[in-house]
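Residue strings, one per chain:
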Amino acid sequence: MGGVIESYDAIVVGSGITGGWAAKELCENGLRTLVLERGRHVEHGKDYVTEWWQPWQFAHRGRGDQQLYERDYPIQSKNYAFGEATRHFFVNDREHPYVTPEGKPFRWIRGYQLGGRSLIWGRLCWRWSDLDFGANLRDGHGVDWPIRYKDLAPWYAYVERFVGVSGERLGLAHLPDGEFLPPWELNCAEQVVKQGIEHAFRGRHMTITRVANLTQAHNGRGACQARNQCARGCSFGGYFSSLSATLPAARKTGRLTVVTDAIVHSVMYDERTDRATGVRVIDANTKATREYFGRLIFLCASTLGTAQILLNSTSPRFPTGLANSSGQLGHNLMDHISKAGARGTVPGLEDKYVYGRRPTGTYIPRFRNLGMPGEAKVAFLRGYGIQAGAGRQAWSRGADAPGLGVELKQRLREPGPWGISLQGYGECLPRHENYVDLDPERTDQWGIPLPRVHCSWSENERAIREDVKTQAAEMLEAAGCTNVETYDEDGPPGFSVHEMGTARMGRDPKTAVLNAHNQAHDVPNLFVTDGACMTSSSCVNPSLTYMALTARAVDYAVSELKRHNL
Amino acid sequence: MTQSSNDAQPVIDRREALRRVTLLLGGALSASTVAGVLAGCEARRTPDGAWTPRALTSEQVELVAAVAEHILPETDTPGARAALVHRFIDAMLAESYPAEERQRFLTGLGDMDARAQRSCGRAFLRCATQEQRAVLDQLDHEAFAAAGDHAATPPFFRTMKELTLVGYYTSEIGATRELRHAPVPGRFEGCVPLDRIGRAWAV
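Note that the coordinates shown come from a computational prediction; the quantities given were computed from them, not determined experimentally.

1. Observations regarding the overall build of chain A
A tally of helices and strands in chain A yields 11 helices and 19 strands. Its C-alpha atoms give chain A a radius of gyration of 24 Å, near enough to 24 Å, the size a compact globule of 566 residues would have. In terms of its C-alpha atoms, chain A occupies a principal-axis envelope of roughly 80 × 60 × 50 Å. Burial statistics for chain A: of 566 residues in total, 59% are counted as buried.

This is the structure:
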């Protein structure tokens, strides 16, 4: 300790998609705010080091990479966005270990840098509906959400306006429309398949993905350039990230302080005042410890990161972790199932092609268990949506068939047939036995106990997978596709990078960590607004909901602060 | 309890990489090739522009260059040799391929030479062009007639062909002269006449 005492109005732990939002909202509400990021500093634009590289310019970066991936990136390298062009935005698994039981893998995909995973996220933005917020109450799994759609709707609109979400309005009650920028176009094959599916299956739709890629300039950020290489970083600001959008807005207020390489060890708690007083931090490089004090603490360190911090914040009052009088801290971990679906060929359209690389795909919204009259009975709870995409085969098909010489070269000069792939994303039930705790013996190089993740799929998730495959294949066949085949590459939990639920919201302090405003039931000035807060998982990508909850929680926290309730 | 690195076989890693490239490009490339593409393997130069192979002997380099040129020859655009595909293949073998796969490739190269000896009575490089082509046609035919996609160890010629395609179409010549490449498209149009683009996109 250097004897340094730094005090702020608010401390935000984490600079990813929710940390950025918390910082922006807190600063704009007049609070002097400290953002702590455990990873390195990344400067928008300048540090997107591979952004302008062409395929042939990766000349000196390949040495021994396969061995490197196996040694240092055995988990991260399985993520779809990982590659030599983006490796620097993923953690080194060897340097940042965690523990899983034998035979129960969990893939924890992480980006430890300013901006966190908002640099490498998938950018899909869906509103939840009351089908989702009422799901636990309806079937008895988990506890009831303390909020409903009407509580969050204005905050969805608020964040959408700032983020810039492109999309098509569908008028579906279970996938509410938002405030959209113009949608990306479907390609020719997708238009055909869409018509085929919608004609054959009443109530099913195929739409363009709602995505945080700007189809036009927005809020001072440039339009997406259709390069489809977002995870390298985008100096146009064509996709939403903490670095392109929220942190600059926070900085503009003059009230933002950002400290990187600052690993939060724990949240400090004062029993006399029953308040969190600040955080204890370890410098990632020097390993020196220091403390920061704040009147408000926002934990936005990710579902597992936040749980780890709280579990490591013990005191006589909270011997099993801060704000854990419910015993639910770390439990009810969820992810989405994915990696199952069907693919096929879309016949014809040989004289059609695309211009540009659209940074997203298409989507078939949930059609199971909507509570509609006359809908098919299925042998599972909840539902799934399907992410889809079509395109013409490229030169690589040449490696797959005989032929060489002039004939081969001429053939590959033309694009190949149109192919389409459908992949389900299914809801995961909240279950107490899926949890994270701390290893009692092993620590990381900063002396912080390693998280142990215990998570596996249940029968319900397996049943969803099966239905995804069947329905995806049937829809492709109905749409006239040929060579239709199902696939199932069983990714372990974590693979969808939608982990959530370790500090759930709920009405009852006995069964939930957070209340309806993401405020800890036990500690009034402690808020958790990342994925940890989620009470159920829906089947749609969760980031937009995290953002809306964050903005709403800050609004509440600031008003409570002004009323001297915190 | 084990560390998280005890997660899955590396083959899953490669399969996932393969899936991504397949989704993107629509074809099928072997795991090792994809890993190399993702790793950005390419020819290595010393500052004065000289190049020396690191996995292949100079004779093997010539052999690889000749075979690559057979696979993707010069037409109205330059072929594999001009795109320095042999350098890419050497870099892939040296940097990206595990020792076992590297050895399998080198053995396959030797077998090909032996086959040329049998069919035309000389080393591959000393056979006439048509004789070389006949050897390769036969290898190509065999490589795709057999177990094919799901063979644990792909036939040498499949690997050779894949590496040639990747090395060529990700080169500046392959991407910009043979195919179409738009580094910054600026917009997306979902349904345009193929005539307007003219050729396949490289990426």
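2. Thoughts on the confidence of the model for chain A
Low-pLDDT stretches of the model should not have their predicted coordinates read in fine detail. In this model, chain A carries an average pLDDT of 96, and 98% of its residues clear a pLDDT of 70 or more. Below a pLDDT of 50 lies the segment residues 59-64 of chain A, which in the model reaches 17 contacts outside its immediate sequence neighbourhood of four places, other chains included.

3. A few points about the environment of Ala394(A)
Residue and element names in this part refer to chain A. For Ala394, the position within the fold is in the loop between strand 14 (384-392) and helix 9 (406-413). According to the C-beta neighbour criterion, Ala394 is buried, with 22 such atoms within 10 Å. For Ala394 and Trp184, which are 210 residues apart along the polypeptide, the C-alpha to C-alpha distance reads 22 Å.

4. Some words on helix 6 (residues 129-145) of chain B
Residues and elements named next belong to chain B. In a regular helix each residue adds 1.5 Å, so 17 residues correspond to 24 Å; helix 6 covers 24 Å between its end C-alpha atoms and thus fits that length. All of the buried residues along helix 6 are Gln132, Val135, Leu136, Leu139 and Asp140. End-on, the buried residues of helix 6 take up no more than an arc of 135°, which puts them together on one face. Opposite the packed face of helix 6, turned more than 90 degrees from it, sit the exposed residues Gln130 and Ala145. On its buried face, helix 6 sits against helix 3 (58-71), helix 5 (99-120) and helix 7 (156-169).

5. A closer look at the pairing of strand 1 (residues 5-13) of chain A
All names here are of chain A. Of the strand pairs in this sheet, strand 1 and strand 10 (residues 289-299) are connected by eight bridges, and their pairing is parallel. Directly across from Glu6, in strand 10, lies its bridge partner Tyr292. Where strand 1 meets strand 2 (residues 33-36), four bridges bridge the pair, whose relative direction is parallel. Across the sheet, the residue bridging to Val12 is Val35, located in strand 2. What joins strand 1 to strand 2 is helix 1 (residues 17-28), and the crossover it makes is right-handed.

6. Side note on the packing of helix 1 of chain A against helix 11 (residues 543-562) of chain A
Residues and elements named next belong to chain A. The N-to-C vectors of helix 1 and helix 11 enclose an angle of 30°; their axes lie 9 Å apart at closest approach. The angle between helix 1 and helix 11 places the two elements in the roughly parallel class. Once helix 1 is placed against helix 11, the crossing between them reads as right-handed. Within the contact between the two elements, helix 1 uses Ile17, Thr18, Trp21, Ala22, Glu25 and Leu26 and helix 11 uses Ser543, Tyr546, Met547, Thr550, Ala551 and Val554. The class makeup of the residues in the contact of helix 1 with helix 11 is eight nonpolar, three polar and one charged.

7. So, the nonpolar core
Ranked by internal contacts, the top residues of the largest apolar core, which has 156 residues, are Ile11(A), Val12(A), Val13(A), Val193(A), Ile297(A), Phe298(A) and Ile420(A). The element best represented in this core is helix 11 of chain A, accounting for 10 residues. Among all residues touching Val13(A), those that are not within four sequence positions of it are Leu36(A), Val264(A), Val279(A), Phe298(A), Leu299(A), Cys300(A), Ala301(A) and Ile309(A). Counting residues in each nonpolar core, the second largest holds 47 residues, with Ile71(B), Ala80(B), Met112(B) and Met160(B) among its members.

8. Brief notes about the environment of Gly20(A)
Its place among the elements puts Gly20(A) in helix 1. Excluding residues within four positions of it along the chain, Gly20(A) makes contact with Ser15(A), Ser118(A), Ser242(A), Thr246(A) and Leu247(A).

9. Structural notes on the sheet that holds strand 14 of chain A
Residues and elements named next belong to chain A. Reading across the sheet, the six strands line up as 6-13-14-15-11-18 and stay open at both edges, with antiparallel pairing between neighbours. With partners counted over all chains shown, the strands left at the sheet margins are strand 6 (207-208) and strand 18 (482-488), one partner each. Pairing between strand 13 (residues 362-364) and strand 14: three bridges, direction antiparallel. Among the inter-strand pairings, Tyr363 is bridged to a residue of strand 14, identified as Gln387. The strands touched by helix 10 (residues 459-478) are strand 11 (340-346), strand 14, strand 15 (418-426) and strand 18; relative to strand 11, the strand with the most contacts, the crossing angle is about 10°.

10. Brief notes about the packing of helix 1 of chain A against helix 7 (residues 242-252) of chain A
Residues and elements named next belong to chain A. Across the interface, helix 1 lies against helix 7 with an axial gap of 7 Å and an inter-helix angle of 25°. Relative to helix 7, the element helix 1 is oriented roughly parallel. The handedness of the crossing between helix 1 and helix 7 comes out as left-handed. In this structure, helix 1 uses Ile17, Gly19, Gly20, Trp21, Ala23, Lys24 and Cys27 to contact helix 7, whose residues at the interface are Ser242, Thr246, Leu247, Ala249 and Ala250. Counted by class, the contact of helix 1 with helix 7 contains seven nonpolar, four polar and one charged residues.

11. Examining unusual backbone geometry
All names here are of chain A. Phi angles above zero are rare outside glycine, and Asn369 is one such case at about 50°. The topology assignment puts Asn369 in the loop between strand 13 and strand 14. In the Ramachandran plot, Asn483 falls in the positive-phi region, its phi being about 55° despite a non-glycine side chain. By the secondary structure assignment, Asn483 is in strand 18. The exposure class assigned to Asn483 is exposed, which follows from the 12 C-beta atoms found within 10 Å.

So, how was this worked out
- Residues numbered from 1 in each chain as written.
- Chains lettered and ligands numbered in written order.
- Predicted model: local features only at pLDDT ≥ 70, side-chain atom pairs only at ≥ 80, totals over all residues.
- Helix = DSSP H or I, 4+ residues; strand = E, 2+ residues; numbered from the N terminus.
- Rg over C-alpha atoms; globule rule 2.2 N^0.38 Å.
- Buried ≥ 20, exposed ≤ 12 C-beta atoms within 10 Å, placed from the backbone.
- pLDDT = per-residue confidence, 0-100.
- Contact = placed C-beta atoms within 7 Å.
- Expected span 1.5 Å × (residues − 1).
- Arc of directions from axis to C-beta.
- Pairing = 2+ DSSP bridges.
- Right-handed = clockwise from strand over helix to strand, strands pointing away.
- Axes fitted to C-alpha atoms, helices over the stretch in contact; angles between N-to-C directions.
- Parallel < 35°, antiparallel > 145°, perpendicular 65-115°, else oblique.
- Left-handed = near helix turned anticlockwise from the far one by under 90°.
- Nonpolar A, V, L, I, M, F, W, Y, C, P; charged D, E, K, R; others polar.
- Core = buried A, V, L, I, M, F, W, Y, C linked by C-beta atoms within 7 Å.

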